[in-house]
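Each chain, letter by letter, is given below.
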Amino acid sequence: MALEQSFGQEQKQVQKLAMTQKMQQSLQVLRFSIEDLHEFLAQKQLDNPFIVVKGGMNYQTDASATGLPKETFLKAPEHKTQSLFEYLLAQVHLTMRKTVLRGWVVFLIDHLDTNGYLTVDLEEIIQQTHVDRTTLLDALTLLQRLDPPGVGARDLQECLLLQIENDDKAPAMAAAVITQMFHEFADHKWNELTHKFKLSFGEVQQIADYIKTLSPAPGAAFGGDDIGYVYPDLVVKRSADQQTLELTVTKKTQPVIMFKEKYYAQLEKMPDKSLQHFLRLKKNEYAEMLKDLEQRGRTIERVGQVILEYQQEFFMGKTQTLRPLLLRDVAHRLQLHESTISRAVNGKYLKCDQGVFELRSFFKKPVTMGNEASDLSADAVQSQLKALIDAEDKTNPLSDNHLKNLLQKNGVVISRRTVAKYRELLAIPSSTKRKRYATR
């Protein structure tokens, strides 16, 4: 009796483990992006001799297969751009003779980061290699004369100075201000600058406006080796009369897998028990995979339909802001767990007239006014805030408290602290730092 009870408990544990593994696979398949899903299926095809996955991942040919323009899949420039290292090296080969000095220029180029800054300490190089100091400094000078201006700098101050020195149209005192009072300039201490250099506030403003046109990362404009593509899982199109919207699931998000029935039937005739067990196992694997894929596609489509309903005005082009929408709202609507919705929107993309967006980007928290949530999202309020600041008198910018009062007149009741938080999220400085002085 004890033996039977023990065997029964063990069997239940095995069944429970099998159920847990099935659930984990189902959740995993839902979480996968299209790329990850197809990699997963390619591996399953290798593991299971009876599974055939129809279609693969080819960014160059899938546009015609899906009926979508190739640009649909593009997240970054399609063609590989020249790297900073390649660009600088080409200039070295064209302008410098093959000497020891040129070798040290190439050495320094090899130690630039992606922004174009030099990442090695010259003193350490001298100690480690015993290179002549003058040679190394000459190599640095040659590097800093290459295009783009600012490359080879060791900090932001030097980067700006190199660009100023390379520009004949730079304001007369710009180099002196950055050289002698860089930190005061960065902190907008205009009074100290006017006294130090005998400049008017307007002249300081002209220098500040000019410095803003310089690049803090001259190497960042150059690309690397990666090309960023994305497949949309969902596509939203307007109807022929432009009055309604239609949501479709792309073929890539619902890949077709087939079972080799004839091959399976041939092996099934063999009497080997271990083979029979293997066959049943692989057929069950296929059935589970088929169910998981269907469930994945259905869940993503259902979530997409709710997003389409909530954000209809955005998709119709009537507004650029999104309505408040939370994961739990969709979970409640579809009678699913919030974590399921999270898996369904992460790494999944939607193509519409406005561009390609990750599904998660359509979820926005509502702004709380008083003790209640409003119909406005934080993005919508931030858009209003930015519009007010863009339209302000720059010689007398609006304080956070004044902005709060103006928003309140528009029906947006939020605290001054919330205004400050949204302003910082928009990377807009305080009114003190936004203040400009009239230029002559």
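Summary of the structure given here. (Residues numbered from 1 in each chain as written. Predicted model: local features only at pLDDT ≥ 70, side-chain atom pairs only at ≥ 80, totals over all residues. Heavy atoms only, no water.)

**A closer look at the environment of Ile51**
Threshold: A run of H or I in DSSP counts as a helix once it spans at least four residues, and a run of E counts as a strand once it spans at least two, with each numbered from the N terminus. In this analysis, two residues are considered to be in contact whenever any of their non-hydrogen atoms come within 4.5 Å of each other.
Tracing the backbone through its elements, the reader meets Ile51 in strand β1 (residues 51–54). With 238 residues separating them along the chain, Ile51 and Met289 place their C-alpha atoms 9.8 Å apart. Those residues in contact with Ile51, other than ones at most four positions away along the chain, are Gln45, Met258 and Tyr286.

**Remarks on the side chain of Ser26**
The residue Ser26 is located in helix α1 (residues 2–31) in this model. When near neighbours in sequence (up to four residues on either side) are disregarded, Ser26 contacts Asp292 and Gln295.

**As for the packing of helix α13 (residues 261–268) against helix α14 (residues 273–310)**
For clarity, the cut-off: To get an axis, fit a line to the C-alpha atoms, keeping to the stretch in contact for a helix; angles then go from 0 to 180 degrees between the N-to-C directions. Angle categories: roughly parallel below 35 degrees, roughly antiparallel above 145, roughly perpendicular from 65 to 115, and oblique for all the rest. The sense of a crossing depends on the near helix, which, turned anticlockwise from the far helix by less than a right angle, makes the crossing left-handed and, turned clockwise, makes it right-handed. Side-chain classes are defined by residue name, with Ala, Val, Leu, Ile, Met, Phe, Trp, Tyr, Cys and Pro counting as nonpolar, Asp, Glu, Lys and Arg as charged, and the others, Gly among them, as polar.
α14 packs onto α13 with a crossing angle of 155 degrees between their chain directions and a minimal axis gap of 10 Å. One finds that α13 runs roughly antiparallel with respect to α14. As α13 runs across α14, the sense of the crossing is left-handed. For the pair α13 and α14, the contacting residues are Glu261, Tyr264, Leu267 and Glu268 in the first and Leu275, Gln276, Leu279, Arg280 and Lys283 in the second. Classifying every residue of the contact of α13 with α14 by side-chain character gives four nonpolar, one polar and four charged.

**With respect to helix α11 (residues 190–197)**
One turn of an α-helix holds 3.6 residues; hence residues three or four places apart share an orientation. For clarity, the threshold we go by: Here's how the labels work: a residue is buried when its accessible area is under 20% of the maximum for its type, exposed when over 50%, partly exposed in between, all with a 1.4 Å probe on protein chains only. Of all possible arcs, the one meant is that of the directions from the helix axis to the C-beta atoms.
Listed as buried for α11 are Trp190, Leu193, Thr194 and Phe197. Projected onto a plane normal to the axis of α11, the buried residues spread over an arc of 100 degrees and lie on a single side. Buried residues in α11 make contact with α9 (174–180), α10 (182–186) and α12 (201–212). Trailing α11 by a residue or two, Lys198 shows a phi angle of about 55 degrees, which is positive.

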